[in-house]
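# Survey of secondary and tertiary structure
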Amino acid sequence: NLEYVTTRENARHARAMGLKKSQFGEDAPRSSITANQSIKIREMLACGMSVREIRDMTGYTYSIIKAISIGQTWKQTKREFSWQHIALALQDNS
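Residues numbered from 1 in each chain as written. Predicted model: local features only at pLDDT ≥ 70, side-chain atom pairs only at ≥ 80, totals over all residues. Heavy atoms only, no water.

What follows deals with the overall build of the chain. When its secondary structure is counted, the chain shows five helices and zero strands. The linear arrangement of helices and strands in the chain, starting from the amino end, is α-α-α-α-α. Taking all 94 residues of the chain together, the buried fraction comes to 24%. Within the chain, contacts between residues at least 6 apart in sequence are counted, and of these 51% link residues at least 24 apart. Carbon and sulfur atoms make up 50% of the accessible area of the chain, which amounts to about 7,500 Å² in all. (Helix = DSSP H or I, 4+ residues; strand = E, 2+ residues; numbered from the N terminus. Buried < 20%, exposed > 50% of the residue type's maximum accessible area, 1.4 Å probe, protein only. Contact = heavy atoms within 4.5 Å. Areas by Shrake-Rupley, 256 points an atom, 1.4 Å probe, with all protein chains shown as cover.)

Relative to each other, helix α3 (residues 51-58) and helix α4 (residues 62-69) sit at 130 degrees, their axes nearing to 9 Å. With respect to their mutual orientation, α3 and α4 come out oblique. In this structure, α3 meets α4 at a crossing whose hand is right-handed. Note on element contacts: α4 touches α3 through Y62, I65, K66 and S69, opposite V51, R52, I54, R55 and T58. Along the lines of polarity and charge, the residues of the contact of α3 with α4 split into four nonpolar, two polar and three charged. (Axes fitted to C-alpha atoms, helices over the stretch in contact; angles between N-to-C directions. Parallel < 35°, antiparallel > 145°, perpendicular 65-115°, else oblique. Left-handed = near helix turned anticlockwise from the far one by under 90°. Nonpolar A, V, L, I, M, F, W, Y, C, P; charged D, E, K, R; others polar.)

Along the polypeptide, K20 turns up in the loop between α1 (7-16) and α2 (35-46). Residue K20 is classed as partly exposed on the basis of its relative accessible area, which comes to 39%. Once residues lying within four places of it in the same chain are set aside, the contact partners of K20 are A11, A14 and R15.

What follows deals with the nonpolar core. Ranked by size, the top nonpolar core spans 11 residues in total: I33, A35, I41, M44, V51, I54, Y60, I64, I65, I68 and W74. Those elements giving two or more residues to this core turn out to be α2, α3 and α4. With sequence-adjacent residues up to four places away left out, V51 is seen in contact with L45, Y62, I65, K66 and S69. (Core = buried A, V, L, I, M, F, W, Y, C linked by side-chain atoms within 4.5 Å.)

Within this model, the largest pocket holds a volume of roughly 220 Å³. Lining the largest pocket are Q23, F24, G25, A28, R30, S31, S32, I33, I64, T73, W74 and Q76. When grouped by side-chain class, the residues that make up the lining of the largest pocket number five nonpolar, six polar and one charged. (1 Å grid on protein atoms, 1.4 Å probe; cavity = no way out; pocket = protein on both sides within 12 Å on 5 of 7 lines; lining within 4 Å. Points joined across faces, edges and corners; volume = space filled by probe spheres on them.)

Across all of its chains, the model carries two salt bridges by this definition. Note that K40 and E43 form a salt bridge whose closest N and O atoms lie 3.9 Å from each other. Within this pair, K40 and its partner E43 are both found in helix α2, separated by three residues, close to a single helical turn. On the basis of relative accessibility, which here comes to 47%, the residue K40 falls in the partly exposed class. Since its relative accessible area comes to 12%, E43 is described here as buried. (Salt bridge = Lys/Arg side-chain N within 4 Å of Asp/Glu carboxyl O.)

If you want it as structure tokens, here you go:
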């Protein structure tokens, strides 16, 4: 039984049936970093490091760090980002 559906509806159905994987985060074909790496970048940004400092320290591209910093990419890791972890790290450094 076939039915007429839009491309979006067809893709949604394929994901729901397990026929197609999500294309977000590490599962995206062109992903250059992992979720844990994006969380580490968020932590460094929260500690006051500049995008250039993070780039020089980690070797990640300026564009990926900037995109994370403005919320353009890796939005799903915001939930896993912990301000408590930052507070503990700052206490250890003082």
